[in-house]
Amino acid sequence: MSNLIASTAPKARQLTHEEIHDIEHEKTHYPYAQAVGLEALKIVQKYQGWVSDESLLAVAEYLKLPPDELEGVATFFNMIFRRPVGKHVILLCDSVACWMLGCDNLKAHISSKLGIDYGQTTADNQFTLIPVPCLGDCDKAPTMMVGDKTYRNLTPARIDAILAECKAHG
Amino acid sequence: MAKITVDGKVFEVDPNNNLLQELLSHKQDLPYFCWHPSMGSVGSCRQCAVIEYANDDDQRGRQVMACMTSPREGARYSMDKAHQFRAQAIESIMTSHPHDCPVCEEGGECHLQDMTVMSGHTYRRYDGKKSTHNNQNLGPFIGHEMNRCITCYRCVRYYKDYAGGTDFSVQASHNHTYFGRFQDGSLESEFSGNLAEVCPTGVFTDKVFSKVYSRKWDLQSSPSVCAACGVGCNINPGERYGTLRRVVNRFNDEVNGYFLCDKGRFGTGYVNSAQRISVNMSRSAHDARPSEITPVDAKAKLLAMKGNAIGIGSPRASLEANYALRALVGKDNFYAGVSDVEFGLLNQVIDIYQNRPVHIASIKDIEKCDAILVLGEDVTNTAARIALALRQSVKNIGKEMAARIKLPMWQDAAIRTLAMDKKSPLYILSSHATRLDDIARQVHIGSAADSARIAFAVAHVLDSSAPAVTGLSDAEMALVNSIATDLKAAKHPLVVSGTSSLEPALLNAAANIATALGNGDQRGNLALCVPEANSLGLMLLMDGSQNSLGKAMQSGARQAIVLENDLYRRAPSATVDSFLSGLQQLAVLDHLQHRTGEAANLVLASGTFAETTGTFVNYEGRAQHFYATFKPVAAIQSSAKWLCDSEFGNEPRIHILTGGAAAILPNGYKLQKLTPGADWTFAGQRAPRQHHRYSGRTVMRAHLNVHEPKQEQDEDGLMNYSMEGVPATKDATIFNSPWAPGWNSNQSLFKFQKSAGGELKQGSHGERLFDENTGAKAWYAAVVQQAAISGFAQFPIYHLFGSEELTAQSEAIQAKATGAYVALNPADVARLGLGASDGVQVQHNGAVPYLARASITPGTVGISVGLHGLNYQNMTTAGVSLNKAANWQNPKDWRASNIIVSDAGSSSAYGRGTQG
Amino acid sequence: MTLTNKPLTKNIEIGRAPFNFAQYQAAGGYQSVARALTYKPRDLMKLVQDSGLGGRGGAGFNTGLKWSFIPEPDGGPRYLVVNADEMEPGTFKDRLLMEHDPHLLIEGMITASIALQATMAYIFLRGEYKEAEHALLQAIKEAYAAGVLGKNIQGSTFSLDMALHTSAGRYICGEETALINALEGKRANPRFKPPFPQVSGLWGRPTLVNNVETICNIPGIVTNGVEWFKGLGINGQFGTRISGVSGRVKKPGCWEMPVGTTFRTLFEDYAGGMQDGYQLKAFLPGGGSTDFLMPEHLDLPMIPGDVAKAGSRLGTSLIMVLDDKTCPVGCIHNLIKFFAHESCGWCTPCRDGLPWSEHMLVKLENGEGSLKDIEILKEMCGYMAPGNTFCALAPGAAEPLQSGLKYFHDEFVEHVNHGCKYKQH
Ligand SMILES: Cc1cc2nc3c(=O)[nH]c(=O)nc-3n(C[C@H](O)[C@H](O)[C@H](O)COP(=O)(O)O)c2cc1C
Ligand code: SF4
Ligand code: FES
C-alpha cells in the first residue's frame, strides 16, 4: 500500500470472537446486512465501552457496509458513543417529569461530586455523565441509569450511595 | 392532462407529475431546494409550500409541499398564500448560515441567495449563536465549507443515490446534520464534480476554480462540447483574463443532461498550461535549434508544403480542422491519425451503424433501458458519462415496481425502498473487474475473445438464424442463457461495447445481439464507445479511404503535416522513429509539446477546443458544434485557420469548412442545422459571450495602456467576444449560460426548457448523422481469432484520469492519476518472483511497477494505456513476456492509492481497494 | 368463569417476577392463538375492527381498519412491528406491560400476525428498557419452546418468527416510518406517506406498526369477543387503557381503567390529588407533545374527540401535572429543548425552528428575553404547524408551546421584565 492515504488514518481492528458470535446471531433475524449495522455497533460498544474508528471500520468490513454509511447511522443515535466513556455511564433523565422533581439539583450534585459536566468523564475514567430523555419512569422521578440498572426516586443521598457502590464494585 | 387554478391563473398540468415541477414548467417562480429534476422529490426542505383547497367553498385550505403533491383535476392552489411560510423557512435555514457571500465561490450564482430574495427574508431576527462544523479535505476537485449548508440533502442524494458513490454520507442529526466523508480524503466517485452544481449554496465548490476564482458575471463563456472523450457532453467553459477558469455543465437533454464526469470538468487545465505551445517555431535542419517565427511566416511555410506533403488527421481535432487538412493535401494524401487497429475498429463501428438494423442509443436512451450487456468496455474509464447513465438504467426495475402499486415516479425515496437491492439486469463481460461491478447481476472475467464468443452465442440464442458458437463450457452456456433471457424479457434491451478492448469480434458480436433483439418497429439498442471526441468525425471524413496511419508511414512521403497528434501514441515507437527520420519536412500543429512535435521543423501553435470553433462527432454519430470561449494570444490560431488554404479566403468563416465537410459526411446537410447560419443575427445583433454584468472591461488593461483596446472580433461567426449583443438565452438558437430574472444560478435552466427538466426550448443540440437502418437482419460471422500467444496475454487498462493525452496534463487530473503499471494475478506475481517493491520489465517496452489484482485471470496481464512510462502501441498482439526488473525503484508518479478498483478479492469491498 | 375487566394488567403484580409460559397459560393465556387459527384472516381483521379498538400509540386510529389496508399475500415476506420505543416524555405504560407480562404482548403479536398473515414479527424496543429486554427475550425463548412461535404453529400451516430489536436512543424512532428505517439499519428519518407501510413498509414489503398496548388488547378481544370488549368501556367507549399521572401528586403511577374515565377520576381517585402544599396549575394530558389543559378540564372523559374539543390531544393518556411552584416557561423550555435535540434533521421547520425557539426560551428564562421574542415564539408555533413539517414531531413540539403561550401569557411577559421568579426562591 502506498502513500496518499495519510498514515494516521485509522484501520479496522480485529473483531473478537464474542463480538463476531453476537453479530452472527443478530444476522439470523434480518434479511439484509445493513439492518445489523446498528446492532453490531451496540455489540461492539457492549464489549469495548464505546465505538472507536477502528471498531466502526471493523464492523463495516465485517458486514460489507460502506464505513461512511455506517458512520451516518452511528452518529444519528444518541446511545452510540463515538468517544471514549468512563467505566460507568450515568444517564441522568432530564425530561420534564424529572425536571419538575428537581433533576437539575441532582445534576449539580453529581457534577460537584465528580467534577464533571454533561458529556465529560472523570479523570480516573470511572464515570461519564450524560443526560438522557425521559426514561419512562415518570411516576418514580427523578430517575437515572448507571450501566444497565435504573435507579428511581433519587435524592442526593441515594446518588452518593449508588456512586459509592459503583466504585466499590470497580 | 389536468386543469388546475393557481392564484386565479389556469394551468394545464400533468397529474402524474408533481405540482412543483409542473408549476416550474409553466415558468412560475416557486422556490425550492431539495427537489432536483433528475432526482425527484423527497420533501425535506419545505420551501415549495403551496396552499391546496379541498373544493370551491374551502377558504382556508391546507398547506402542502408542491413537490410532494400530485395535482388534481380541477383543484385550486395558491402560491401567494404560502409566501409567509416560505419566508419563515428561509429565515430559519439562515439562522446558522455564516452570511459569507462576499468570499463565497457561489456568490452571484447562488440558489440560496435567489431563494432568500424571492421569499423576502431580508431582515435577521435570530440573535443566537450559529452552529458550526469542521470542513474536510475532499481531494483536488471539490472544496468543502459545511457552515454554508442548508441541509437540503441534495449532495448525499446525488452522490450516493444517483451516482452510486459509497464514500460520502449524511452524519449526525438535528441542526448538527453533516454531509461529508467518514474521514478526510479524496472523493472516489468519478462524478464528484457535479456536487458543485447540485449543491444550491457554497458548501461544495469547484476547488480548481476557487484557486483562480472569478464571479459568474465576469466569466466569458460559450456553448461548447467536452473534448476529453467520445461521449460529447455539452459544456460551458468560462474564461477571464485569457485563462480558462472552469467548466460547468451545459444541459443537453439527449446527451449529458445535468451531469458531467470529473475528467471533463476538471481536465481542462492543459489549456492554461505553462507547457502550451504559444509561439510558432521553425528550424532549417533536424539538428538546428528551432527559432520563433511570425504567424505570417509560419502560415507561409505551412502552405508551401501543399502539393508535396501528406496530411495526418486527428481524432481530437475538429471536423473543420481535419477537413481543412484534407483539402490542403488532397484526399489521397490524407491519412487517419489513429492506430491501425483502431482504424479498423472505427470503420467497423461505422459499418455497423450504417448497415445493421440497430438503434444507436443516446444517453437518454440508455437511461431508459432495463436490461444491459456491457461487452468488453470499461465504460467508467473510457466513456464515463455512460457509466453514470447505466447506474440509472438499473433503477428501472424499481420504477416498474412503483408503477404496479401506483406510486408516482417522482417519489424518489419510496421507489428506492421498494426496490431495495433489486436492480434491472446488467451483465458485464470484461477482462478485469470494473467500477460497475457493484450494480452487475453477473460479471464474467475473460479475454476479449472469450467475451466475444459468449456474446455471439447470446445472439444465437436470441435468434437462431444468427451464427452459432461451439465449445462453450456449461458455466458459459448458463451465462449465455441468462443474458439472453433477460435481454429478451426487457422492454428496452441494450448492448454497450466499444473499441477499447481492441477486439473486432466484440463489435461484431455486439451488433449481432442488437440485431437479434430487433423485432418489427423496435430495434435493439446499441452504444459503441469510441476513444476520442472526434474519432467518428475523422473516420467519416476518410470517406471509405483505406489511408491508415500504417499506410502513411509506408507511403515514402518526404513531407508531412501532422494535425494535433502525437504519433508515438498511435504506432510502435520504432516505426514512428523511422517514419519521422525519413521526412525532410515535418509540420506539427498542436497545443502541447510531445515527441512528434520535438521532431518537427515547423511547429504551429494551435488553439484548444476552448479557443476554437468547430464540430465534433460523438460515439452515436451526433455532430455537435462548439464555439470558442475566448481568443488566444496572437501567435495561437485554430488548426482550421492555420490549414485554411487561400482558396477559402485567408480569414475563413468556419462555416465554409463545415460546409466542405458536409459534402463528404453521410447526411452532411444536417451539419448546417447545427448553427443558425453564418449570417445569423437576432434583432440585428450577434450573441454575446460575456454577461451583461461583465465588469471591469474598460480597466482590464489600464495598468498597461489607458486606451481601451478594440474588442476582439470573431470572424467565425455568431458570437461576440464581448457583452454586446442579445443573450441567446431565451428562444434563440445559440444557448450560452442560463440566467433569468430572479434566478442567477444554474437552477434558472427551467426557464429555458420546454418543461422543467426537459428539452431546451430550441431542442437538443446536435444532429445524428446516421440514419436508422431499417433493413433486414444480417449477421456477422461468429469468427473469433484467438491468436496463439507466448508469454502473457495482454489486455489494455484505461484510466479516466491519465489515459487521455491532453487532460493528463492538467494539474488537478495529475493529482488523481498515476504513472504506467501492469496488473497481474497474485499467482503470477509469485511465479515471476516479484517482491513488494519490485518492478516488471515489459517486453518491447520499459520497466514499470505492478499491481496485484485477484480478479485478473492468471496468465494474462493488464497493461495501462496512455499513462506515462509505457507505450501500449509497442505491444504486439501475440503476447508479451514479463520479467523482474533489475535495480528497480518505483517512479515518483506511481501512485497506487489513486487506482480505484472493485475487485471482489480486494482487501476492501467498498471500492477503496488498493493493492500493490 | 367470570371474565376479567382488567385484561391488560390482570397478571401484573409489582414485585413478583412476570409469569413464565406455563404460569401465563395457566392463567388463561394463549387461547387467542388457537382461536385465531380457526378464522379467515380478513374475518379476524374485521373482528378487531368491530371491537372499536383504537391505536394506543397516540393517534387513536381504529386498529382493525388500519390492518385492513394490507394487501392480499403474494408469497413474499410481511411484517408486524411492535412499537415499543416509548420515549414520549411523561409516558411509562408500555414499560409496565413488557416488564411485567411479556407473554401478553407476544400472544397479541402472534394473534395479530395470524390476522395479517405476517411472516416475521419484530419488537422495536427502546434501548434503555433493559428489564423489558430481558423479560421479552426470555418469553420469546419460552414461546418458541412451547411451539407458539416458529414453524407450523400449533400444527397449523401458519409459521411465524419473532425477534427483538433494541434501539439506541432516538425519540423519532417512535414515529412508525422512522422506526421502519431504523429497523432497516438506516438513519431514522421518517418516510413520506403514501405509500403507507401496509403497502410498502419494512424493506418495501407490507408492514404494520402497532403500539405495545394496542397489541396487548388483541388476545382479550379474540378470546373473549367483541361484546365483552365493548362492555369494558364507559361513557360510550370500548375497552380499557392504561392511564397514569406524574408530577407532584400524592400517588404517581399508572393503572388500567375503562376507556372514557374522566381526568378527575384519574387525578383524584387514582393519584390521590396534589401533594400537600401544591396546587394544580395545568396538565399535559398525554405526553410532552400535547397541549396544556387547565383544572377546569378535569371533568372531561379521556376520549380523543372530547380532548380535541378542549384544544388538546389525548395522546398517550398519561398526564403530567404542572404545579403552582414550577415555572411554566421552564417546563416548556425543558420540552422544547428535548424536541430540538430529538429532531431528526430532515425538514427545515423542525430542524431549524426548534433550536431557535429554544434559544428564545433560554433568553426569557435568563431575563434576557423581549416581547418580540414572545411574538416570534408564537410565529414559530404556526411555522411548525401540522402539514408544514414532514412528520408530526415538530407540530407535537409546538403544542405545549402554543398552549403555554396562551394560558401563561402573563408569566411569559413577566419573564421579560423580571426573569424567572420561580428560580429566585
Ligand atoms: C415523533 C413521534 C414519536 C412517536 N413515538 C411513539 C412511541 O414511542 N410509541 C408508539 O407506540 N407510537 C409512537 N408514535 C406514534 C406512531 O407513529 C404510530 O402512530 C403508532 O406506533 C401506531 O400504533 P397504534 O396504531 O397501535 O397506535 C410516535 C409518533 C411520532 C410522530
Ligand atoms: S418534523 Fe421533520 S425534522 Fe422533525 S423529526 Fe419530523 S421529519 Fe425530522
Ligand atoms: S422542493 Fe419541495 S420540499 Fe424541498
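**Examining the sheet that holds strand 7 (residues 280-284) of chain C**
All names here are of chain C.
Here's step 1: The four strands lie next to each other as 6-5-8-7, forming an open sheet whose pairing is mixed. Looking along the sheet, the strands with just one partner apiece sit at the ends: strand 6 (253-258) and strand 7. Here the strands of the sheet are splayed against their neighbours by 25° on average, with no regard to which way each runs.
Here's step 2: In this sheet, strand 8 (residues 318-323) lies alongside strand 5 (residues 240-246) in parallel orientation, the contact comprising three bridges. Pairing of Ser-246 across the sheet is with Met-320, part of strand 8.
Here's step 3: Set on the sheet, helix 12 (residues 263-270) makes contact with strand 5, strand 6, strand 7 and strand 8; between it and strand 6 the angle comes to about 130°.

**Section: the pattern of salt bridges**
Here's step 1: The full count for this structure, using the stated rule, is 83 salt bridges over all chains.
Here's step 2: The salt bridge involving Lys-113 of chain A is made with Asp-160 of chain A; its shortest N-O contact spans 3.8 Å. Here Lys-113 of chain A, found in helix 6 (residues 103-114), pairs with Asp-160 of chain A, found in helix 7 (residues 156-168); they are 47 residues apart in sequence, far enough to count as distant.
Here's step 3: Two residues, Glu-13 of chain C and Arg-16 of chain C, come together in a salt bridge whose shortest N-O distance is 3.5 Å.

**Observations regarding the pairing of strand 2 (residues 127-132) of chain A**
Residues and elements named next belong to chain A.
Here's step 1: For strand 2, the buried fraction is high: five of the six residues fall into the buried class.
Here's step 2: In terms of strand pairing, strand 1 (residues 88-93) meets strand 2 through six bridges, oriented parallel. Across the sheet, Val-89 pairs through a bridge with Thr-128, a residue of strand 2.

**Brief notes about the interface of chain A and chain C**
Here's step 1: Residue-level contacts link 37 residues of chain A with 55 residues of chain C.
Here's step 2: In this assembly, chain A packs against chain C so that about 3,700 Å² is buried in total across both faces, 59% of it on carbon and sulfur atoms.
Here's step 3: In this structure, the salt-bridge partner of Asp-137 of chain A is Arg-95 of chain C, at a minimum N-O distance of 3.2 Å.
Here's step 4: For the interface between chain A and chain C, the tally reads 20 residue pairs in polar contact (both at pLDDT 80 or more).
Here's step 5: Residue assignment for the side of chain A that touches chain C shows that the elements contributing at least two residues are helix 2 (37-48), helix 4 (67-74) and helix 5 (96-100) of chain A.
Here's step 6: For the side of chain A that touches chain C, the leading source of residues is helix 5 of chain A, giving four residues.

**Let's talk about the site of ligand 1**
All names here are of chain C.
Here's step 1: As a structural note, the neighbourhood of ligand 1 is formed by 18 residues, with Gly-57, Asn-83, Asn-210, Asn-211 and Thr-214 the closest of them.
Here's step 2: A distance of 3.2 Å is found between an oxygen atom of ligand 1 and a backbone nitrogen or oxygen belonging to Glu-86.
Here's step 3: Calculation on ligand 1 without its partners gives an accessible area of 610 Å², and the protein chains cover 89% of this total.
Here's step 4: No other element matches the three residues that strand 4 (residues 207-211) contributes to the shell around ligand 1.

**Focus: the domain arrangement of chain A**
Here's step 1: Under the domain assignment used here, chain A contains domain 1 (17-76) and domain 2 (88-169).
Here's step 2: If you average the C-alpha positions of domain 1 of chain A and of domain 2 of chain A, the two centres end up 28 Å apart.

**Considerations on the environment of Asp-101 of chain C**
All names here are of chain C.
Here's step 1: Following the sequence through the fold, Asp-101 ends up in the loop between helix 5 (94-100) and helix 6 (102-116).
Here's step 2: Between the C-alpha atoms of Asp-101 and Leu-136, which are 35 residues apart in sequence, the distance is 8.8 Å.
Here's step 3: When residues no more than four places from it in sequence are discounted, the contact partners of Asp-101 are Asn-11, Ile-12, Pro-18, Tyr-24 and Leu-96.

**Quick notes on the packing of aromatic side chains**
Describing an aromatic ring pair means giving the distance of the ring centres and the angle of the ring planes.
Here's step 1: Applying the stated rule across the entire model yields 40 aromatic pairs over all chains.
Here's step 2: The interplanar angle of 80° and the centroid separation of 5.8 Å between the aromatic rings of Tyr-126 of chain B and Trp-356 of chain C together place this pair among those described as edge-to-face. You can see Tyr-126 of chain B sitting in the loop between helix 3 (111-119) and strand 6 (142-144) and its partner Trp-356 of chain C sitting in helix 15 (residues 348-365), one on each of two chains. Trp-356 of chain C carries the same exposure label as Tyr-126 of chain B, and that label is buried.
Here's step 3: Considering the side-chain rings of Tyr-24 of chain C and Tyr-30 of chain C, the 5.2 Å spacing of their centres and the 75° angle between planes classify their relative orientation as edge-to-face. Summarising the burial analysis for this pair, Tyr-24 of chain C and Tyr-30 of chain C share the class buried.
Here's step 4: Put simply, the rings of Tyr-30 and Tyr-32 of chain A together with Tyr-79, Tyr-122 and Trp-203 of chain C pair up and form one aromatic cluster.
Here's step 5: Residue placement shows Arg-356 of chain B over the ring face of Tyr-780 of chain B; its charged tip is 3.8 Å from the ring centre.
Here's step 6: The ring of Tyr-278 of chain C carries the charged tip of Lys-325 of chain C above its face, separated from the ring centre by 5.0 Å.

Each value, and the rule that gives it
- Residues numbered from 1 in each chain as written.
- Chains lettered and ligands numbered in written order.
- Predicted model: local features only at pLDDT ≥ 70, side-chain atom pairs only at ≥ 80, totals over all residues.
- Heavy atoms only, no water.
- Pairing = 2+ DSSP bridges.
- Helix = DSSP H or I, 4+ residues; strand = E, 2+ residues; numbered from the N terminus.
- Axes fitted to C-alpha atoms, helices over the stretch in contact; angles between N-to-C directions.
- Contact = heavy atoms within 4.5 Å.
- Salt bridge = Lys/Arg side-chain N within 4 Å of Asp/Glu carboxyl O.
- Buried < 20%, exposed > 50% of the residue type's maximum accessible area, 1.4 Å probe, protein only.
- Buried area = accessible area lost by both parts, 1.4 Å probe.
- Polar contact = N/O pair within 3.5 Å; in protein donor to acceptor, adjacent residues only side chain to side chain.
- Near = heavy atom within 4 Å.
- Areas by Shrake-Rupley, 256 points an atom, 1.4 Å probe, with all protein chains shown as cover.
- Domains from an automatic or database assignment.
- Phe/Tyr/Trp six-rings, centres within 6.5 Å; stacked < 30°, edge-to-face > 60°.
- Lys NZ or Arg CZ within 6 Å of the ring centre and 35° of its normal.

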